[in-house]
Amino acid sequence: MNIFTLLINAAGALFVFALHVRRWHDFGQSGWWSLVLLIPMVNFFVELYLIFARGNEGKNEFGEPLPSNISFLDAIL
């Protein structure tokens, strides 16, 4: 049972890391900035930044922005 839990947690951590990398790419920054989230106390403020800051408009070096067909209110309702 412990090995199963470890595998599920590892898969979840990789998924969250991939989402953080994509979010940093929205700002035109390297995905390596996701490693900042491993620093205690700093990660709280970085998470707030990633949640609330607006990404770059238009194309950047990581490609076109993904289309967003859903609003925040639609997502929570």
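The residue numbers shown here count from 1 along each chain, following its written sequence. In view of the model being predicted, local features appear only for residues whose pLDDT reaches at least 70, and side-chain atom pairs are presented and counted only at 80 or more, with totals across whole chains, interfaces and linings using the full set of residues. Note that the side-chain values use all heavy atoms of the structure and ignore hydrogens as well as water.

J.: Now, about the overall build of the protein chain: what can you tell me, with residues and values included?
T.: Only runs of H or I of at least four residues qualify as helices and only runs of E of at least two qualify as strands under DSSP, and these elements are numbered from the N terminus. Counting secondary structure elements, the protein chain contains 3 helices and 0 strands. In sequence order, the protein chain lays out its α and β elements as α-α-α. Buried residues are those whose accessible area, probed at 1.4 Å on protein chains only, stays under 20% of the maximum for their type, while exposed residues exceed 50% and partly exposed ones sit between those limits. Classification of the 77 residues of the protein chain by burial places 17% in the buried group. Note on contacts: a residue pair qualifies if any of its non-hydrogen atoms lie within 4.5 Å across the two residues. When contacts within the protein chain are restricted to residue pairs at least 6 apart in sequence, long-range pairs at least 24 apart make up 54% of them. For every accessible area listed, the method is Shrake-Rupley and the probe measures 1.4 Å; residues are considered covered only by the protein chains on display. About 6,600 Å² of surface is accessible on the protein chain, with carbon and sulfur atoms providing 70% of the total.

J.: Account for helix α1 (residues 2-26), naming residues and giving values.
T.: Here the expected length of a helix is defined as 1.5 Å per residue gap, with one fewer gap than residues. Taking 1.5 Å per residue as the helical rise, α1 with its 25 residues ought to reach 36 Å, and the 36 Å between its terminal C-alpha atoms agrees with that figure. Buried within α1 are the following residues: H20, V21, R23 and W24. Backbone geometry just after α1 places G28 at a positive phi near 80°.

J.: Could you give an account of the environment of E61, with specific residues and numbers?
T.: Tracing the chain through its elements places E61 in the loop between α2 (42-52) and α3 (72-76). On the basis of relative accessibility, which here comes to 69%, the residue E61 falls in the exposed class. Taking the C-alpha atoms as reference points, E61 and S30, separated by 31 residues in sequence, lie 9.9 Å from one another.

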